[in-house]
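# Understanding the architecture of this molecule
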Amino acid sequence: MGIYAVTGGSSGIGAKTVEYLRAQGHLVYNIDINGGDITANLASEEGRTHVIERLHALCTEGMDGMICCAGVSNNCGNLKLIVSLNYFGAVRLVEGVFDLLAKRKGACVVVASNTISQGAARMDVVDLLNNQMDEERVLRLMDRLDVKREAHAMYVATKYAVARWMRRVSAHWAANGVRINAIAPGNVETAMTAKLSPQERVAVMALPIPTLYGEEKLMDPSDIASSIVFLVSQQAHGLNGIVLFCDGGTDALLNSEKVY
């Protein structure tokens, strides 16, 4: 039996991941702002500290996996929340449990997005996130930006930054026994996409998903969760530092000439 923790495990991709891991007989702690085994707001430093302390108390022998699914989309209308939860909420938490993962030579998966390859990210913000770990300073910048104009670019920037952070630490972490990878989902039927306006829904459906060609639906959370479960398993022991696009072939369609 393995010991795992999943953020955002009360709904969507996170809930499916929890379900699949528990079905395999593993002990899984769901970390969520609502209905979690550990309840905390990961957009706050206090919440992250609480989770790190609880996991150290509960997992004294270490952890086999840490999976960061918690996040918000650009539709939340709050740039600070996007930054604090999507980027700092994942990075700070994973760094805080690295020692637990190292005890059992565990693995970590952070959730990015297939939008990171589509050129919409504010790369100045990506650079700031990856090179300036003063969260309060970054959040002060958000006060100067227009939410409607910048929300999508900020969302993509946080996902790009978390994927690049993963790449930067992956070699060192693996040399110390901890594998880390990112998964980049496409559009998925979750609570986030359920809130799309009719106009937004039309725009989302206009982005082709080759494996769903001719079907008027998005990917299912199970598509992503099954890939996450694979990435943290021993079957994926050779995978480290990769960004796995799990989008039904959308990225390959849009970027067919890119092989790396």
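Before reading further, recall that the structure is shown in the block above.
The structure contained in this document is the topic of the report that follows. (Residues numbered from 1 in each chain as written. Predicted model: local features only at pLDDT ≥ 70, side-chain atom pairs only at ≥ 80, totals over all residues. Heavy atoms only, no water.)

### Brief notes about the side chain of S227
- Turning to its location among the elements, S227 is positioned in helix 10 (residues 221-231).
- The contacts of S227, once residues within four sequence positions are left out, are I183, L244 and C246. (Helix = DSSP H or I, 4+ residues; strand = E, 2+ residues; numbered from the N terminus. Contact = heavy atoms within 4.5 Å.)

### Re the packing of aromatic side chains
- Evaluated as defined, the whole model comprises three aromatic pairs.
- Their ring planes at 55° and their centres at 4.7 Å tell us that F98 and W173 sit as a pair that is tilted. Of this pair, F98 sits in helix 4 (residues 98-103) while W173 sits in helix 7 (residues 147-175), and the two are 75 residues apart along the sequence.
- What makes W173 buried here is its relative accessible area of 8%. (Phe/Tyr/Trp six-rings, centres within 6.5 Å; stacked < 30°, edge-to-face > 60°. Buried < 20%, exposed > 50% of the residue type's maximum accessible area, 1.4 Å probe, protein only.)

### Considerations on helix 2 (residues 45-58)
- If you check helix 2, its first and last C-alpha atoms are 20 Å apart, about what 14 residues at 1.5 Å a residue would give, namely 20 Å.
- G47, R48, V51, I52 and L55 are the residues of helix 2 that are buried. For helix 2, the arc enclosing every buried residue in end-on projection is 135°, short of the 170-degree limit, so these residues lie on one face. Across helix 2 from its buried face, at more than 90 degrees, point the exposed residues E46, E53 and A57. (Expected span 1.5 Å × (residues − 1). Arc of directions from axis to C-beta.)

### Looking at the nonpolar core
- In terms of nonpolar packing, the biggest core is built from 57 residues, with L55, M63, M66, V94, V110 and W165 touching the most fellow members.
- Here this core gets 12 residues from one element, more than from any other, and that element is helix 7.
- Grouped together as the second largest cluster of nonpolar side chains are 24 residues, I13, V28, I209 and C246 included. (Core = buried A, V, L, I, M, F, W, Y, C linked by side-chain atoms within 4.5 Å.)

### Describing the pattern of salt bridges
- By the definition in use, this model includes 11 salt bridges.
- Note that D37 is salt-bridged to R22, the shortest N-O span being 2.9 Å. Linking D37 in the loop between strand 2 (27-32) and strand 3 (38-39) with R22 in helix 1 (residues 12-23), this pair joins segments that are 15 residues apart in sequence.
- For D124, the salt bridge identified is with R122, shortest N-O distance 2.8 Å. (Salt bridge = Lys/Arg side-chain N within 4 Å of Asp/Glu carboxyl O.)

### Quick notes on the sheet that holds strand 1 (residues 3-7)
- The sheet built from seven strands is open, its strands ordered 3-2-1-4-5-6-7 with parallel pairing. Bordering the open sheet on either side are strand 3 and strand 7 (243-246), each of which pairs with just one other strand.
- Both strand 5 (residues 107-111) and strand 6 (residues 179-185) contribute to a ladder of five bridges, which runs parallel. Each bridged residue has a counterpart across the sheet, and for V111 the counterpart in strand 6 is I183. (Pairing = 2+ DSSP bridges.)

### A short note on unusual backbone geometry
- A positive phi angle, close to 50°, is found at K105, a residue other than glycine.
- With respect to the helices and strands, the residue K105 is situated in the loop between helix 4 and strand 5.
- Under the relative-accessibility criterion, K105 is labelled exposed at 59%.

### Description of the packing of helix 5 (residues 123-131) against helix 7
- Here helix 5 crosses helix 7 at 40°, and the two axes come no closer than 9 Å. Between helix 5 and helix 7, the crossing angle belongs to the class labelled oblique. Judged by the twist between their axes, the crossing of helix 5 over helix 7 is right-handed. Together, M123, V125, V126, D127, L129, N130 and N131 of helix 5 and M154, A157, T158, Y160, A161, R164, W165 and R168 of helix 7 make up the contact between the two elements.
- Across the contact of helix 5 with helix 7, the residue classes tally to nine nonpolar, three polar and three charged. (Axes fitted to C-alpha atoms, helices over the stretch in contact; angles between N-to-C directions. Parallel < 35°, antiparallel > 145°, perpendicular 65-115°, else oblique. Left-handed = near helix turned anticlockwise from the far one by under 90°. Nonpolar A, V, L, I, M, F, W, Y, C, P; charged D, E, K, R; others polar.)

### Quick notes on the pairing of strand 6
- Buried residues dominate strand 6, accounting for seven of its seven residues.
- The pairing of strand 6 with strand 7 spans four bridges and is parallel. Residue pairing across strands places A184 opposite F245, the latter belonging to strand 7.

### Observations regarding the packing of helix 3 (residues 79-96) against helix 7
- Axis separation between helix 3 and helix 7 bottoms out at 8 Å; the angle between their running directions is 10°. When the axis of helix 3 is compared with that of helix 7, the two are roughly parallel. Within the contact between the two elements, helix 3 uses L79, I82, V83, N86, Y87, A90, V91, V94 and E95 and helix 7 uses V147, E150, A151, M154, Y155, T158, K159, A161, V162, W165 and W173.

### Description of helix 10
- Counting buried residues in helix 10 gives eight out of 11 residues, a clear majority hidden from the surface.
- Within helix 10, the full set of buried residues consists of P221, S222, I224, A225, S227, I228, V229 and L231.
- Where the residues of helix 10 are buried, they touch helix 1, strand 4 (65-68), strand 5, strand 6 and strand 7.

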